[in-house]
Amino acid sequence: MKKLFYTLILTMIAGVVTAQIKDPVSWTFEAKKKSADTYDVVLTATIQGKWHIYSQKTGKGGPIPTKMTVKPNPLISLVGTAKEIGKVEKIYDEIFQTDVLYLSNKAQYVQTVKLKGKVKTNVTGTIEYMVCDDAQCLPPTKKSFDIKLQ
């Protein structure tokens, strides 16, 4: 009986701790074919409520900017840099004492890639971001992606 009681208590504590961990950003990852050998790798963030993530163009001295990193793959080449799509807002942040750029609700990061020949491969990498609202910031987070190019 004691074992059951302690198991129940530990389960409840674990549930409370898990409930306190927030991630108000959900991500989807996809590849959109543009031509026979060119794809857009699209990472889409859906941001809940009053939360926001910081633009990849946020300067030094401020919060951590969003950064998309593609792991090297000898079968593909990157075309340009990742484009950021969404409504970018600029404010002066008292905490960081600098202008910051951020996106709310929805943001997309699009990297064009070109295949080196007629091959099937994957694009893998990470998206790193920091999410804040008016009262708090959560630690920087990294999400991995692995997207098939077909």
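Residues numbered from 1 in each chain as written. Predicted model: local features only at pLDDT ≥ 70, side-chain atom pairs only at ≥ 80, totals over all residues. Heavy atoms only, no water.

The next subject is the overall build of the protein. Scanning the protein from N- to C-terminus turns up 1 helix and 11 strands. Put simply, the protein runs from its N terminus to its C terminus through helices and strands in the order α-β-β-β-β-β-β-β-β-β-β-β. Within the protein, buried positions represent 35% of all 150 residues. Residue pairs at least 24 apart in sequence account for 67% of intrachain contacts in the protein once pairs closer than 6 positions are excluded. About 9700 Å² of surface is accessible on the protein, with carbon and sulfur atoms providing 57% of the total. (Helix = DSSP H or I, 4+ residues; strand = E, 2+ residues; numbered from the N terminus. Buried < 20%, exposed > 50% of the residue type's maximum accessible area, 1.4 Å probe, protein only. Contact = heavy atoms within 4.5 Å. Areas by Shrake-Rupley, 256 points an atom, 1.4 Å probe, with all protein chains shown as cover.)

All right, on to the nonpolar core then. If you look at the biggest cluster of nonpolar residues, it comprises 26 residues, and the most contacted ones within it are W27, L43, I53, M68 and Y109. Other than its neighbours up to four places away in sequence, W27 contacts L43, T44, A45, I53, Y109, I127, Y129 and K143. Among the nonpolar cores identified, the runner-up in size contains 5 residues, and Y54, V100, Y102 and M130 belong to it. (Core = buried A, V, L, I, M, F, W, Y, C linked by side-chain atoms within 4.5 Å.)

Most peptide bonds adopt trans geometry, and most residues besides glycine take a negative phi value. Phi at Q97 is positive, roughly 55°, even though this residue is not glycine. Position of Q97 relative to the elements: it lies in the loop between β6 (88-93) and β7 (98-104). Assessed through its relative accessible area of 58%, Q97 is described here as exposed. Positive phi outside glycine occurs at N105, with the angle close to 65°.

In this section: the state of the cysteines. Applying the stated criterion to the full structure yields 1 disulfide. Sulfur-sulfur distance for the disulfide between C132 and C137 comes to 2.0 Å. Between C132 and C137, the S-S dihedral sits near 110°, and the bridge is therefore right-handed. (Disulfide = S-S within 2.5 Å.)

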